[in-house]
Amino acid sequence: MAVDRERDAFRIDGVESDVSVTLSGATFNLRCDRVDRDSNDALIVIDYKTGAKRRFLTSGEPADLQLVLYACALDAAIAGLALFNVDSRETGLDGAGPAFDTGAEWPQQLDEWKDTVRAAAAMIA
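Counting of residues starts from 1 at the beginning of each chain's written sequence and follows it residue by residue. Given that this is a predicted model, residues contribute local features only at a pLDDT of at least 70 and side-chain atom pairs are listed and counted only at 80 or more, while totals for whole chains, interfaces and linings are drawn from all residues. In computing side-chain values, all of the structure's heavy atoms are included and hydrogens and water are not.

Asker: Give a detailed account of the side chain of aspartate 87, specifying residues and quantitative values.
Answerer: Starting at the N terminus, helices and strands are each numbered in turn, a helix being any DSSP run of H or I of at least four residues and a strand any DSSP run of E of at least two. Here aspartate 87 is to be found in the loop between strand 6 (78-86) and strand 7 (91-96). Exposure is judged per residue with a 1.4 Å probe applied to protein chains only, and the accessible area is read against the type maximum: over 50% gives exposed, under 20% gives buried, and values in between give partly exposed. Judged by relative accessible area, aspartate 87 falls into the buried class, the value being 18%. Excluding residues within four positions of it along the chain, aspartate 87 makes contact with Gly51 and Ala52. Only heavy atoms enter the contact rule, under which two residues are in contact if any of them lie within 4.5 Å.

Asker: Explain helix 2 (residues 66-74) residue by residue, including any values.
Answerer: An α-helical turn contains 3.6 residues, so a residue and the one three or four places further along point in the same direction. Among the nine residues that make up helix 2, seven are buried, leaving the element largely enclosed by the rest of the structure. Remark: aspartate 75 follows helix 2 within two positions and exhibits a positive phi of approximately 45°.

Asker: Which residues make up the packing of aromatic side chains, and what values go with them?
Answerer: Only Phe, Tyr and Trp rings are paired, with Trp represented by its six-membered ring, and only when their centres lie within 6.5 Å; those with planes under 30 degrees apart are stacked, over 60 edge-to-face, the remainder tilted. Considering all chains together, one arrives at three aromatic pairs under this definition. Geometrically, the ring pair formed by phenylalanine 56 and tryptophan 113 is edge-to-face, given 5.8 Å between the ring centres and 80° between the ring planes. In this pair, phenylalanine 56 is assigned in the loop between strand 3 (43-50) and strand 4 (57-58) and tryptophan 113 in helix 3 (residues 106-124), connecting sequence segments 57 residues apart. We note that phenylalanine 56, like tryptophan 113, is buried. The interplanar angle of 80° and the centroid separation of 5.8 Å between the aromatic rings of tryptophan 106 and tryptophan 113 together place this pair among those described as edge-to-face. Like tryptophan 113, tryptophan 106 is buried.

Pasting the structure below:
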């Protein structure tokens, strides 16, 4: 709760929300750990991780594309994608997008990541 109190205004929109998306003929049935809405009604997609701290971005790119796939499925304005690390030593958010004061080029960056997800879906299909 302390981590959430430090964030800009938001409301929780969904917890363990089921969503699905079909990309290039491949259907993905997903469960988002948490989806928040910022004060502009844009979504912030959060995935909880336990154990050792994980980073969302590595060298400016997503370490994995799970959150980007959620963004494709939600098909709405996205203000941020983040991992919520929960560990006995450290708890905190690691994300990207306007909700996390990163990514001046956020819309273009997110679109590029979504293109990567679509290409991977085409290969799976």
